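Structural features, examined
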Amino acid sequence: MGHSISEVEMKFGFSCMTISRVYREYRESGKTSNLRHRCGREKIMQERDQRRLTRIIKRDRRATLPQIAADFSAGPSTSVSLRTIQ
């Protein structure tokens, strides 16, 4: 696009290595990809738990984090502590 790597680095705050890697990948394959979603790390919460948490939050948007954690832990699924969330 006519900008140097250092200009892009200053504008967006990414490292030179990241910008160079993405640019090289784009030149070689014509596209960029993000494969982080397949990194192999197990999910902390199951999809079912995520839906339940969403319902709890929608029910009371002003609830504090300890209230949300207590509501979530009171249910039939996995209990959660504040240390896990942070």
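Now for a look at the structure at hand. Within each chain, residue numbers correspond to sequence positions counted from 1 in written order. Only residues with pLDDT of at least 70 get local features here, since the model is predicted, and only at 80 or more are side-chain atom pairs given and counted; chain-wide, interface and lining totals rely on the full set of residues. Hydrogens and waters are ignored; side-chain quantities use all the structure's heavy atoms.

1. Concerning the pattern of salt bridges
Every case where a carboxyl oxygen of Asp or Glu lies within 4 Å of a side-chain nitrogen of Lys or Arg is listed as a salt bridge. The full count for this structure, using the stated rule, is two salt bridges. For Arg21, the salt bridge is made with Glu25, and the minimal N-O distance between the two is 3.8 Å. Within this pair, Arg21 and its partner Glu25 are both found in helix H2 (residues 16–29), separated by four residues, close to a single helical turn. Exposure categories follow from relative accessible area, calculated using a 1.4 Å probe and restricted to protein chains: below 20% of the type maximum is buried, above 50% is exposed, and the middle band is partly exposed. We classify Arg21 as partly exposed; its relative accessible area is 40%. Counting from the N terminus, the helices are DSSP H or I runs at least four residues long and the strands are E runs at least two residues long.

2. Some remarks on the packing of aromatic side chains
Pairing of aromatic rings covers Phe, Tyr and Trp, the last through its six-membered ring, and needs centres within 6.5 Å; plane angles under 30 degrees mean stacked, over 60 mean edge-to-face, and all others mean tilted. Throughout the structure, instances matching the rule amount to zero aromatic pairs. Our definition puts a charge over a ring when NZ of Lys or CZ of Arg is within 6 Å of the ring centre and also within 35 degrees of the ring normal. One residue, Arg52, lies across the ring of Phe72, its end atom 4.4 Å from the ring centre.

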